[in-house]
Amino acid sequence: MDLKNGFKFYDDVQDNPVYRFMCSIVECPKVLIALVNGPAIGIGATLLLHVDLVFALRSAYFWIPFIRAGIVPEFASSKVLPEVIGHAAAAKMILLGQQLTAEEAFQRGLVGELLDCEQNLAVAKIAQTLRESLEGIPHAGSVRVKGILLCSTVLPRTPQLLC
């Protein structure tokens, strides 16, 4: 397969919209929350590695099918995914293109909480939980703590290293 016919290549990576999008995720000083309802495929799955809190409905699944196109997952996913879910599970996802169920993603640490409800109720439940959990916490404090969490990971995901 000739990838140049199916993908746009950039002389300068900073011109790539996917790169700019992922940098905005990494550089965001606010707590980022994701709710996965259904399939998280490709960048929909890999961006979760850079999100602070990930919730998923039990119907969700995660798939990184880059191997089928002969390309490497973007934005340090092949480094970060094994650190999050373990080498064996990451190898199955990246090298074999196997899917991960919501339950497996939860057990392995990609998902922080599984929800047994429909999407609108899940959003309300998450909002209520966060409202109760964050009550009285100053915004500046959460920004500092987020920075400490990012710097404490095996692969620091600070903008200076990835962006």
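Residue positions are given per chain, counted from 1 along the sequence in the order it is written. Selection of residues for local features in this predicted model requires a pLDDT of at least 70, selection of side-chain atom pairs for listing and counting requires 80 or more, and totals for whole chains, interfaces and linings are taken over all residues. Side-chain metrics rest on all non-hydrogen atoms present in the structure, leaving aside hydrogens and water.

Before going further, it helps to spend a moment on the overall build of the chain. Numbered from the N terminus, helices here are DSSP runs of H or I no shorter than four residues, and strands are runs of E no shorter than two. Scanning the chain from N- to C-terminus turns up ten helices and six strands. Partly exposed describes any residue whose relative accessible area lies between the buried limit of under 20% and the exposed limit of over 50%, with all areas from a 1.4 Å probe on protein chains only and scaled to the type maximum. Counting over 163 residues, the chain shows a buried share of 37%. Contact criterion: two residues are considered in contact whenever any of their non-hydrogen atoms come within 4.5 Å of each other. Of the contacts made within the chain by residues no fewer than 6 positions apart, 59% connect residues no fewer than 24 positions apart.

Below, the discussion takes up the sheet that holds strand S3 (residues 53–57). Read from one edge of the open sheet, three strands run S1-S3-S6, paired in parallel fashion. Each edge of the open sheet is held by one strand with a lone partner, namely strand S1 (33–36) and strand S6 (113–115). On average, adjacent strands in this sheet sit at an angle of 20 degrees to one another, irrespective of strand direction. Paired strands, as defined in this entry, are two strands with at least two bridges between them according to DSSP. One ladder, built from three bridges, connects S3 with S6; its direction is parallel. Among the inter-strand pairings, Ala-56 is bridged to a residue of S6, identified as Leu-114. Orientation is described by axes fitted as lines to C-alpha atoms, over the contacting stretch for helices, and by angles from 0 to 180 degrees between their N-to-C directions.

The subject of this paragraph is the environment of Met-93. Along the chain, Met-93 turns up in helix H6 (residues 87–96). In the structure, Met-93 is positioned 15 residues away from Ser-78 in sequence and 9.9 Å away in space, judged by C-alpha atoms.

Moving on: the pattern of salt bridges. Take a side-chain nitrogen of Lys or Arg and a carboxyl oxygen of Asp or Glu: if they are within 4 Å of each other, that pair is a salt bridge. Summed over the entire model, instances satisfying the criterion amount to three salt bridges. Asp-116 is paired through a salt bridge with Arg-58; the nearest N and O atoms lie 2.3 Å apart. In this pair, Asp-116 is assigned in the loop between S6 and helix H8 (119–134) and Arg-58 in the loop between S3 and strand S4 (61–63), connecting sequence segments 58 residues apart. A relative accessible area of 61% means that Asp-116 is categorised as exposed. A cluster of three or more residues bridged by salt bridges with shared partners is formed by Arg-58, Glu-103 and Asp-116.

Turning our eyes to something else, we now look at H6. All buried positions along H6 are accounted for by Ala-89, Ala-90, Met-93 and Ile-94. Axial view of H6: buried residues confined to an arc of 115 degrees, hence all on one face. In H6, the exposed residues that point more than 90 degrees away from the buried face are His-87, Ala-88, Leu-95 and Leu-96. Looking one or two residues past H6, Gly-97 carries a phi angle of roughly 70 degrees, positive in sign. The reported arc concerns the directions from the helix axis to the C-beta atoms and nothing else.

Another point: the side chain of Ser-77. In this structure, Ser-77 sits in helix H5 (residues 77–85). Ser-77 sits in the buried class, given a relative accessible area of 1%. Ignoring any residue separated from it by four or fewer positions in sequence, one finds Ser-77 in contact with Thr-46, Leu-49, Pro-82 and Ile-94.

Those residues of H5 that sit buried are Ser-77, Val-80, Leu-81 and Ile-85. The arc enclosing the buried residues of H5, seen along the axis, measures out at 105 degrees, which places them on a common side. Positive phi appears at Gly-86, one or two residues downstream of H5, with a value of about 95 degrees.

Turning our attention to the confidence of the model for the chain. With 79% of its residues at a pLDDT of at least 70, the chain reaches an overall mean of 80. Residue range residues 154–161 is modelled with pLDDT below 50. Its contacts to residues more than four positions away, or to other chains, number 19 contacts. Along the chain, pLDDT gives the predictor's confidence residue by residue, from 0 to 100.

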